[in-house]
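Structural overview
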Amino acid sequence: MTEKRWYLELSEDSGSSHKFYEVVVQNLELTIRYGRIGDGGQSSKKTLESFEKAVAEAEKKVKEKK
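Just so it is clear, the structure is predicted and the values come from calculations on it, not from any experiment. (Residues numbered from 1 in each chain as written. Predicted model: local features only at pLDDT ≥ 70, side-chain atom pairs only at ≥ 80, totals over all residues. Heavy atoms only, no water.)

Focus: the confidence of the model for the protein chain
Counting all residues, the mean pLDDT for the protein chain is 93, and 98% of those residues have values of 70 or more. Mean pLDDT across the elements of the protein chain ranges from a minimum in strand 1 (residues 3–11), with 95, to a maximum in strand 4 (residues 42–47), with 97. (pLDDT = per-residue confidence, 0-100. Helix = DSSP H or I, 4+ residues; strand = E, 2+ residues; numbered from the N terminus.)

Here it is as structure tokens:
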């Protein structure tokens, strides 16, 4: 199995915001999970034509969040 993953966290100084954003590519499937740290969060899945296209889509999503 081919896999690549990214994990981002945001915690603001005010203490009111603690969020995560996780992107996982497994073979042809792109999974994005996000929400408050400590919660299960929400997720979405998408199947792409190739592992390379899934990774490119994942990198685009991670770049948008940064």
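After presenting the structure, the write-up continues.
Side note on the nonpolar core
Of all hydrophobic cores here, the largest spans 11 residues; its members are Trp6, Tyr21, Val23, Val25, Leu30, Ile32, Leu48, Ala54, Val55, Ala58 and Val62. Of all the elements in the fold, those that place two or more residues in this core are strand 2 (18–26), strand 3 (29–36) and helix 1 (51–65). In terms of residues, this core owes the most to one element, helix 1, which gives 4 residues. Sequence-distant contacts of valine 23, defined by excluding residues within four places in its chain, comprise Lys4, Arg5, Trp6, Leu30, Thr31, Ile32, Ala58 and Val62. (Core = buried A, V, L, I, M, F, W, Y, C linked by side-chain atoms within 4.5 Å. Buried < 20%, exposed > 50% of the residue type's maximum accessible area, 1.4 Å probe, protein only. Contact = heavy atoms within 4.5 Å.)

Some details on the sheet that holds strand 2
Ordered by their spatial adjacency, 4 strands build an open sheet running 1-2-3-4, and the pairing between neighbours is antiparallel. The open sheet has two edge strands, strand 1 and strand 4, and neither has a second partner. Between one strand axis and the next, the sheet turns through 10° on average, direction left out of account. Bridge count between strand 3 and strand 4: 6 bridges; the pairing is antiparallel. Considered in strand 4, the bridge of glutamate 29 is made with threonine 47. Helix 1 contacts strand 1, strand 2, strand 3 and strand 4 of the sheet and is inclined by roughly 10° relative to strand 1. (Pairing = 2+ DSSP bridges. Axes fitted to C-alpha atoms, helices over the stretch in contact; angles between N-to-C directions.)

Let's talk about the environment of tyrosine 34
Among the secondary structure elements, tyrosine 34 is positioned in strand 3. Expressed as a C-alpha distance, the spacing of tyrosine 34 and leucine 8, which sit 26 residues apart in the sequence, is 9.3 Å. Once residues within four sequence positions are removed from consideration, tyrosine 34 is found in contact with Phe20, Tyr21, Gly41 and Gln42.

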